[in-house]
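# Results of the structural survey
Each chain is listed here by its residues.
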Amino acid sequence: MAIEWLAASRAAADPAHRGGDFFDVSRSADDAQDDLDAVPRHAEKAIRVVLGDVMGHGVVESDLAQRLAATWHDLVDLGVSDEELLPALDDAISAAAPIAESGVQIFATACALTLVPTPEGGFDITARLAGHPAPLIRDAAGARYLEAPPGPPLGLRTPGLTAAWSAASAEIESGDVLVLYTDGLLDSYAEQGSDGIAELAKAVEAIDRGIDARDWATTIISGAHRAASDDSLVLVFTTG
């Protein structure tokens, strides 16, 4: 079964609040013949995905976001195991020890996924969350959030302790859609007094599953009620 993906974004309403969102979609070294460095693409082997958000706004945060995306890509290319990818990103932040202009320590949230094709024509998903909201799955029954245990954000490790990110499993079938996003998208869908979680799921459920990844991504971004105070990033995978 082929899988297609596309990312779309919308900048924060305030230019001073822009920067910090990042993502990468890669194959491991033993799977890849070509890097998945352009969208949309099709793939038939395992894919490693990260989408995240560096907390704060500014040059330091924007540079760190780019560094984390590049680090993920390099780690996957080197064949680092799924279990070690988030710890390695955590190490990358700890080594950089970034400090915001305000003087506070910078950290990041991330959603890490591995998608492996199954003999039945679907994809098995392994998900790990580092302080990040869970992805959405749109199937024939509607839209649902992937249930994954929350883990600590990257870069906030307690000295002397090793952070751990537990894995959760899910499966998507042909025709299903997988949606990853940053919290800026939730903010842009939120109505007064809400966090945007229910509104985003309702919007995803209302979209025709038959459209392609490009239309999915642009529909989700353009369907938001407003430009949030933070950047919005959505990464959509369609299967068929």
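Counting from 1, residues in each chain are numbered in the order their sequence is written. It should be noted that, the model being predicted, local features are given only for residues of pLDDT at least 70 and side-chain atom pairs only at 80 or more, the latter also being counted only at that level, while totals for whole chains, interfaces and linings use all residues. Values reported for side chains reflect all heavy atoms of the structure, with hydrogen atoms and water molecules removed beforehand.

### As for the packing of helix H1 (residues 59-77) against helix H2 (residues 82-96)
The packing of two helices is summarised by the inter-axis angle and the distance between the axes. Here an angle of 0 to 180 degrees is reported between the N-to-C directions of two axes, which are lines fitted to C-alpha atoms, with helices fitted over the stretch in contact. Only DSSP runs of H or I reaching four residues or more are called helices, and only runs of E reaching two or more are called strands; each is numbered from the N terminus. Relative orientation of the contacting elements H1 and H2 amounts to 140°, with a least axis distance of 10 Å. By the angle between their axes, H1 is oblique relative to H2. Crossing angle aside, the handedness with which H1 passes H2 is right-handed. Residues Leu-64, Arg-67, Leu-68, Thr-71, Trp-72, Leu-75 and Val-76 of H1 form the contact with H2, whose participating residues are Leu-85, Ala-88, Leu-89, Ala-92, Ile-93 and Ala-96. Looking at the contact of H1 with H2 residue by residue, the classes come out as 11 nonpolar, one polar and one charged. Any angle that is under 35 degrees is reported as roughly parallel, and any over 145 degrees as roughly antiparallel; angles of 65 to 115 degrees are reported as roughly perpendicular and all others as oblique. What makes a crossing left-handed is the near helix being turned counterclockwise from the far one by less than a right angle; a clockwise turn instead makes it right-handed. Contacts between residues were defined by any pair of non-hydrogen atoms, one from each residue, lying within 4.5 Å. Side-chain classes follow a simple rule in which Ala, Val, Leu, Ile, Met, Phe, Trp, Tyr, Cys and Pro form the nonpolar group, Asp, Glu, Lys and Arg form the charged group, and the remainder, Gly included, forms the polar group.

### Considerations on the nonpolar core
A general trend in soluble globular proteins is that nonpolar side chains are found buried together. Remark: nonpolar core denotes a set of buried residues (Ala, Val, Leu, Ile, Met, Phe, Trp, Tyr, Cys) joined through side-chain atoms within 4.5 Å. The rule is simple: take the accessible area with a 1.4 Å probe, protein chains only, and divide by the maximum for that residue type; under 20% is buried, over 50% is exposed, in between is partly exposed. Judged by nonpolar contacts, the single largest core of 25 residues is most densely connected at Val-49, Leu-113, Leu-115, Ile-125, Leu-180 and Phe-237. Contributions of two or more residues to this core are made by strand S1 (3-10), strand S4 (47-54), strand S5 (108-117), strand S6 (123-130), strand S10 (168-172), strand S11 (177-181) and strand S12 (232-239). Residue contributions to this core peak at four residues, all from S6. Non-local contacts of Leu-115, meaning those with residues more than four positions away in its chain, are made with Ile-3, Lys-45, Ala-46, Ile-47, Val-49, Phe-123, Asp-124, Ile-125, Ile-172 and Leu-178.

### As for H2
A helix is expected to span 1.5 Å multiplied by its residue count minus one. Taking 1.5 Å as the rise per residue, H2 with 15 residues should run 21 Å; its terminal C-alpha atoms sit 22 Å apart, in good agreement. Every buried residue of H2 is listed here: Asp-82, Leu-85, Leu-86, Pro-87, Leu-89, Asp-90, Ala-92 and Ile-93. As for H2, its buried residues are in contact with S4, H1, S5 and S6.

### A short note on H1
Taking 1.5 Å per residue as the helical rise, H1 with its 19 residues ought to reach 27 Å, and the 27 Å between its terminal C-alpha atoms agrees with that figure. Those residues of H1 lying buried are Glu-61, Leu-64, Ala-65, Leu-68, Ala-69, Thr-71, Trp-72, His-73, Leu-75 and Val-76. Where H1 ends, the next residue or the one after it, Gly-79, has phi of about 85°, a positive value.

### Description of the pattern of salt bridges
Note on definitions: salt bridges are taken to be side-chain nitrogens of Lys or Arg within 4 Å of carboxyl oxygens of Asp or Glu. Under the defined criterion, the tally for this structure stands at three salt bridges. With its nearest N and O atoms 3.2 Å apart, the salt bridge here joins Arg-48 to Asp-82. Taken together, the residues Arg-48 in strand S4 and Asp-82 in helix H2 connect sequence positions 34 residues apart. Residue class for Arg-48 comes out buried when judged on its relative accessible area of 16%.

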